[in-house]
Each structure stands twice: as C-alpha cells, then as structure tokens.
Amino acid sequence: MSVFTYQAINERGENISGTIEAESVETASNLLSSQGLIPSKVRKAGDIFGLGKTLSLKEKTTRVKTGDLLLFTKQFKTMLKVGIPIVRILQVLEKHSENVKLKKIATQMARDISGGLRLHEAFRKYPKVFDELYCSMVQAGETSDSLDQVFDRLVMIIEHEYKIRSDVKLALQYPTFVSIALVISFFVLLTNVIPKYLKIFKAHKIELPMATKIADMFYQFLLQNGSVLLIVFSVLILAIMVYFKTQQGQYVRDSMLLRIPILGDVLKKANISRFANIFEILQSSGVHVIESMKILSGTIGNKAITKDFEGVRSKLEEGRGIAPPLSDSKHFTPLVTSMIAIGEESGSLNEMLREVTLHYDDEVAYSVKRLTEAIAPVLTIGLAVIIGFFALSIFVPMADLTRILK
C-alpha cells in the first residue's frame, strides 16, 4: 500500500485535499469516488517533481472522445446522487473538466438552464457530443423523476460501447500497422535499393532472372507514370471519401463491411450486442418501444442495419410485436429473435435482452480472437512473398556477379 495526496470536489462542490492509502493511482481515484468525492488530481506522496504517474485534469484538445464523455457523465452522476443542483454541477464541471470543448458546453448549459431550459433541451443543443440516445434517456429521466438512475445507465452504455469498440480497434491495429509497413517497404526497396543493384548488374552484363526483370519493369513503370498515378490515386481517394459522406455512400460502405469474411461477422455481432444493451436500458428507463426503435435507428452505427430498422419500426406501428419484424431482417440471427419472442411472451423482455447482450459480448471477443488468428498467417505469407521476391531479384544475380569477379 502507498500513500497518495489528492485534490477533489466534495458534495457541496468545494475543493478539498488530503491523503489516502491505496495500491495505485486508479485505485485511489476509485476509493475517492466511492466516498462521493470527484478527484481532480491524485499523486503519490513524495513525488514533488511530478515524475510519477499522476491523475491530473489538464486541458486537452477540443475533440470530445468517448473517454472524455464517460468521465463527464460519471462526474455528473456522482454530484447528482449527492444532491448538488444541476446548475452548480455544470459550474463545477466547467471548472474541472479536462476537455476544452466540454468546458465551453458546461458553461453554456449552465446559462441555458438558468434561463429556463430543461436539462435534455440543453443537451440537445450539442448533437455532435450528446447523441439522440443520450438526450432521450435524460428526457425520460426528467419525466419519470429518475435522473440519477438514468445517468447510471448512461455510464453503463458508454462503458459497454467503449469496450466493444476498443476490442475491435485493438484487433485491427496490428494488421493495419503491418500492412502499411509492408507497402512502404515494398516501394522503398523498389525505388531505392533495386535501381542501384540494376546498374551494377547491367554494367557487368549479367543475365537477369525473371524476378529481377519484373522488379525492373515495375520500377520503370513507376518512373514514367509515378506522378500521374499519384494524382489519379489522390483524386480517387478524395472521391471515395466524399461519396462515403453521402447517405448512399455510407449505406454502400457499411454493407460492404458486413460482407467481409470474419470482420463482417465481428461487426454484425458487435451491433447486435449494442442493440440488445441499448434496447434493454431504454425499456428499463420507461422509453416506449416505438421511440426506442427510433433512437436505435439513429445510434446503431451501421447504415445497412439502420435501413432494416426503418422497416422494423413501420411494422411495429402496425402492432406486429418486436420479434416478427426483427426476424424479417437479414442482420439479426434466429437466436436473437427467438429470445426476444420468448421474452415478449413471458413478460421478461429485459432479462432476455440482457442475456443477448452477455452472449454476444462473448461472441464478439471470440470473433475478434478468430480475426486476429486468421490475419496473422495472411500477413506472414505477404511478408514472405515480398522478402522472397526481393531476395530473388538481388541475390541470384549477385551470385553470378561474384563468380564473374572471381
């Protein structure tokens, strides 16, 4: 156990400081939060130069990342539970938030609420930070007088989203890095290494093997058409980026992603897990089924699945229940629709949705592992092909050169 000094905000919004015993900075921070305090700085005692690991709220960029939103929501929830008025909460968050954009939002929201706006109306003024799901749940909490419970559930949603996205990004991080490295290595060897050896081989009139001739052909092609290819490639990338910002482009992109072997399976299961988790929390918060489907349509994160939701919503409005419309969708598995149907019939829909979430969280973890295992051999083969190609291009004629020189 170590001793940590801290600065925090108490239930009255006052700044306090002191010491606490814990195993790490994170543990100390969690202990302070459990006591109803909001830590703003936690540092190991005796670390006067700040060289150790410190939890400190320093201003960051204006972009609001998931971690920033999670911290903001947790702090809001903690102060709300101890009875601090909403305007005072926002004033404290404005003073202690580590994100510049959230500081400005908290300041303006405090003014708006003092001017008569309700909390969900103030949140809706910043749709790029607080999405429809966030605002609708806050509205439901205000209507049912259960705002503290709603913020508990919002923290659960954001943490769940953060975990799923982190798992998928982590699985794709290594293969993306290796793929980029392979492409860069290929062009560096082709444009800087091969030409130097070619001059030597041609000067000694060595018969070039097929691999070296192919490398020479690629090099000459790039030499003559490199600038044109670069312009065409840049324009193509720009056109694709612009197209993917359109509604049709997003639908095409997301549909293609779902069709990619293994990766598509990961994304589909992650979306099912997200659907079940958010739907269950919306139902627990008292949001009507039709309104829940509307919110899910805007927050599911995949335009292809969103398009399916539009059909599901129209059938729900006809009074067909939840399971039958979902079973007509190609993006929901029979397991999901069957469990939802059982939940509807038995009156235990929330419990079934929770089971679906847990099941598909495990499925995502398993699929991510499969994705990593499947990509590794492909990258190994790609690396072997590139190394083998350049080895044949250089070392075979180099052996001939060595014999001539001898």
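Structure shown above.
Overview of the structure. (Residues numbered from 1 in each chain as written. Predicted model: local features only at pLDDT ≥ 70, side-chain atom pairs only at ≥ 80, totals over all residues. Heavy atoms only, no water.)

1. Topic: the overall build of the chain
Right, on to step 1. Regarding its fold elements, the chain presents 15 helices and four strands.
Right, on to step 2. Rg of the C-alpha trace for the chain: 29 Å, well past the compact-globule value of 22 Å for 406 residues, more than 25% over.
Right, on to step 3. By residue count, 40% of the 406 residues in the chain fall in the buried class.
Right, on to step 4. Intrachain contacts of the chain at a sequence separation of at least 6 include 60% that bridge at least 24 residues.
Right, on to step 5. For the chain, the exposed area adds up to about 22500 Å²; of that, 60% sits on carbon and sulfur atoms.
Right, on to step 6. The positive charge centre, built from 49 side chains, and the negative charge centre, built from 41, are 10 Å apart in the chain. (Helix = DSSP H or I, 4+ residues; strand = E, 2+ residues; numbered from the N terminus. Rg over C-alpha atoms; globule rule 2.2 N^0.38 Å. Buried < 20%, exposed > 50% of the residue type's maximum accessible area, 1.4 Å probe, protein only. Contact = heavy atoms within 4.5 Å. Areas by Shrake-Rupley, 256 points an atom, 1.4 Å probe, with all protein chains shown as cover. Lys, Arg positive; Asp, Glu negative; His and termini not counted. Charge placed at Lys NZ, Arg CZ, Asp CG, Glu CD.)

2. Quick look at the packing of aromatic side chains
Right, on to step 1. Under the defined criterion, the tally for this structure stands at 16 aromatic pairs.
Right, on to step 2. For the ring pair phenylalanine 389 and phenylalanine 390, a centre distance of 5.2 Å and an interplane angle of 75° mean the geometry is edge-to-face.
Right, on to step 3. The class for phenylalanine 389 is buried, based on a relative accessible area of 17%.
Right, on to step 4. On the basis of relative accessible area, phenylalanine 390 is assigned to the buried category, the value being 5%.
Right, on to step 5. One aromatic cluster in this structure is built from Phe72, Phe76, Phe123, Phe130, Tyr134 and Phe151.
Right, on to step 6. Taking NZ or CZ as reference, arginine 253 lies 5.9 Å from the ring centre of phenylalanine 244, over its face.
Right, on to step 7. The ring of tyrosine 251 carries lysine 307 above its face, with NZ or CZ at 4.7 Å from the centroid. (Phe/Tyr/Trp six-rings, centres within 6.5 Å; stacked < 30°, edge-to-face > 60°. Lys NZ or Arg CZ within 6 Å of the ring centre and 35° of its normal.)

3. Considering the pattern of salt bridges
Right, on to step 1. Within the structure shown, the criterion is met by ten salt bridges.
Right, on to step 2. Between aspartate 152 and lysine 81 there is a salt bridge whose closest N-O contact spans 2.8 Å. A residue pair is termed long-range when its members are at least 10 positions apart, and aspartate 152 in helix H7 (residues 147-203) and lysine 81 in helix H2 (residues 66-81) qualify at 71 residues.
Right, on to step 3. Of the residues examined, lysine 81 reaches a relative accessible area of 48% and is grouped as partly exposed.
Right, on to step 4. In this structure, aspartate 112 engages lysine 125 in a salt bridge whose closest nitrogen and oxygen atoms are separated by 3.0 Å. Within this pair, whereas aspartate 112 is found in helix H4 (residues 100-114), its partner lysine 125 is found in the loop between helix H5 (119-123) and helix H6 (132-144), the two being separated by 13 residues in sequence.
Right, on to step 5. Overall, lysine 125 belongs to the partly exposed group, its relative accessible area being 44%. (Salt bridge = Lys/Arg side-chain N within 4 Å of Asp/Glu carboxyl O.)

4. Points about the packing of helix H10 (residues 263-284) against helix H11 (residues 289-299)
Right, on to step 1. Following both chains from N to C, one finds H10 and H11 inclined at 145°, their axes separated by 10 Å at the closest point. The two elements H10 and H11 cross, and the hand of that crossing is right-handed. Residue-level inspection shows Arg274, Phe275, Ile278, Phe279, Leu282 and Gln283 of H10 in contact with H11, the latter providing Val289, Ser292, Met293, Ile295, Leu296 and Thr299.
Right, on to step 2. Broken down by class, the residue content of the contact of H10 with H11 amounts to eight nonpolar, three polar and one charged. (Axes fitted to C-alpha atoms, helices over the stretch in contact; angles between N-to-C directions. Left-handed = near helix turned anticlockwise from the far one by under 90°. Nonpolar A, V, L, I, M, F, W, Y, C, P; charged D, E, K, R; others polar.)

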